[in-house]
Amino acid sequence: MSGRCLIVVDVQNDFMPGGALAVPRGDEVVALINRAAARFDAVVLTQDWHPRGHASFASSHPGRKPFESVTLAYGSQVLWPDHCVQGTHGAALHPALDIPHAQLVVRKGHHRDIDSYSAFLEADRRTGTGLAGYLRERGLGTLYVCGLATDFCVAWTALDARAAGFEAAVIEDACRGIDLEGSLARAWSDMAAAGVRRVASGAL
Ligand code: VGL
Ligand code: ZN
């Protein structure tokens, strides 16, 4: 498991300024990620990829508004504006993302009743995406995670990487966060506690 792999999380139009679930300054990561990716032989991209009417959309819960929380079958779920609907422009990767050598695209959040921030394990914490098996089969044991958003899909992916036995680092300058009620500080402290390293893209 000596190989290293870059995991580029959710660099999609809906997470860019002006998008349905805009991450502040989310567009700033694109050029940094392109540059970082040139230093990796193995690159995996992820896409948030929801069906219409997804359980994480506030619009699926009458009377509820985006950024409130509800309790679903698997526990608490933040409600979001409709975003990253399968096949839409908002769900497409940012047009300036330039990583032609990326080898796998993991699409997650495609079960109507289960969200998935993590590229490994859906929010029910039981349903796998297959990514751990793919990485193991390819001997890729050291993962560098970047993209959007730091405090949701990036953090959950890095934490689940550690839980699955991988080495994991987050490329701090190649991420941007949403920061909902302290979620960004909490994400960094959870990642530190789990042994996720924090690196700068210039040091790759
Ligand atoms: C994300 C909220 C909802 C993310 C995805 O990519 O961080 N956040 N869906
Ligand atoms: Zn989503």
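Whatever comes next refers back to the structure up there.
The structure displayed is predicted, hence computed values, not measured ones. (Residues numbered from 1 in each chain as written. Chains lettered and ligands numbered in written order. Predicted model: local features only at pLDDT ≥ 70, side-chain atom pairs only at ≥ 80, totals over all residues. Heavy atoms only, no water.)

Draft legend 1. Summary view of the overall build of the protein. Helix and strand counts for the protein stand at four helices and eight strands. Reading the secondary structure of the protein in the N-to-C direction produces β-α-β-β-β-β-α-β-α-β-α-β. At 16 Å, the protein has a C-alpha radius of gyration in line with the 17 Å of a compact globule built from 204 residues. Each principal axis of the C-alpha distribution contributes one length, and for the protein these read about 50 × 35 × 30 Å. (Helix = DSSP H or I, 4+ residues; strand = E, 2+ residues; numbered from the N terminus. Rg over C-alpha atoms; globule rule 2.2 N^0.38 Å.)

Draft legend 2. Layout of the layout of surface pockets. What the largest pocket holds in volume is close to 420 Å³. Every residue lining the largest pocket is counted, 20 residues in all, and those nearest its centre are Val78, Tyr117, Phe152, Trp156 and Arg186. Per element, the largest residue contribution to the lining of the largest pocket is five residues, and it comes from helix α3 (residues 150-163). When the residues that make up the lining of the largest pocket are grouped by side-chain class, the tally is eleven nonpolar, four polar and five charged. (1 Å grid on protein atoms, 1.4 Å probe; cavity = no way out; pocket = protein on both sides within 12 Å on 5 of 7 lines; lining within 4 Å. Points joined across faces, edges and corners; volume = space filled by probe spheres on them. Nonpolar A, V, L, I, M, F, W, Y, C, P; charged D, E, K, R; others polar.)

Draft legend 3. A look at the coordination of the zinc ion (ligand 2). The protein atoms donating to the zinc ion (ligand 2) are Asp48 (OD), His50 (NE2) and His83 (NE2), with metal-donor distances spanning 2.0 to 2.2 Å. Considering all four donor atoms around the zinc ion (ligand 2), the spread of angles at the metal, 87 to 172°, places the coordination shape in the irregular class. Ordering the donors of the zinc ion (ligand 2) by residue number gives the pattern D-x1-H-x32-H. With a gap of 35 residues between them, Asp48 in strand β2 (residues 42-48) and His83 in the loop between β4 (75-78) and β5 (104-108) connect regions that are remote in the sequence. For the pair shown, Asp48 and His83 are each scored as buried. (Donors = N, O, S within 2.8 Å, 3.2 Å for Na, K, Ca; no water. Tetrahedral: all angles 85-135°; square planar, octahedral: opposite > 155°, others 65-115°. Buried < 20%, exposed > 50% of the residue type's maximum accessible area, 1.4 Å probe, protein only.)

Draft legend 4. Geometry of unusual backbone geometry. In this structure, the amide linkage connecting Leu148 to the following residue, Ala149, adopts the cis form with an omega of -15°. If you trace the backbone, Ala149 turns up in the loop between β6 (140-148) and α3. The backbone of Cys84 shows a phi angle near 50°, a positive value even though the residue is not glycine. Structurally, Cys84 is set in the loop between β4 and β5. For Cys84, a relative accessible area of 0% translates into the label buried.

Draft legend 5. Broad picture of the packing of aromatic side chains. Going through the model one piece at a time under the given rule, you end up with seven aromatic pairs. Both rings, one in Trp80 and one in Tyr117, keep their centres 6.3 Å apart while their planes meet at 80°; by these two values the pair is edge-to-face. One end of the pair, Trp80, is in the loop between β4 and β5; the other, Tyr117, is in the loop between β5 and α2 (131-137), with 37 residues separating them in the sequence. In this pair, the class of Trp80 matches that of Tyr117, namely buried. Here the guanidinium or amino end of Arg4 rests over the ring plane of Phe40, the centre of that ring lying 4.1 Å away. The aromatic ring of Trp188 is capped on one face by Arg198, whose charged end is 3.8 Å from the ring centroid. (Phe/Tyr/Trp six-rings, centres within 6.5 Å; stacked < 30°, edge-to-face > 60°. Lys NZ or Arg CZ within 6 Å of the ring centre and 35° of its normal.)

Draft legend 6. Here's a closer look at the site of ligand 1. Taken together, Asp10, Phe15, Leu21, Asp48, Trp80, His83, Tyr117, Leu148, Ala149, Phe152 and Cys153 make up all the residues around ligand 1. Take Ala149: an N or O atom from its main chain is 3.0 Å from an oxygen atom of ligand 1. Protein contact buries 100% of the 260 Å² of open area that ligand 1 shows by itself. The pocket occupied by ligand 1, as judged from atoms lying within 2 Å of grid points, is the largest cavity. Partitioned by chemical class, the residues of the shell around ligand 1 number eight nonpolar, one polar and two charged. (Near = heavy atom within 4 Å. Polar contact = N/O pair within 3.5 Å; in protein donor to acceptor, adjacent residues only side chain to side chain. Areas by Shrake-Rupley, 256 points an atom, 1.4 Å probe, with all protein chains shown as cover. Sits in = over half its atoms within 2 Å of the grid points.)

Draft legend 7. Focus on empty space enclosed by the protein. By the definition in use, this model includes one cavity of 30 Å³ or more. Counted as a void, the largest cavity has a volume near 100 Å³. Lining the largest cavity we find Phe15, Leu21, Asp48, His50, Trp80, His83, Asp115, Tyr117, Ala149, Phe152, Cys153 and Ile178. Considered class by class, the residues forming the lining of the largest cavity number eight nonpolar, two polar and two charged.

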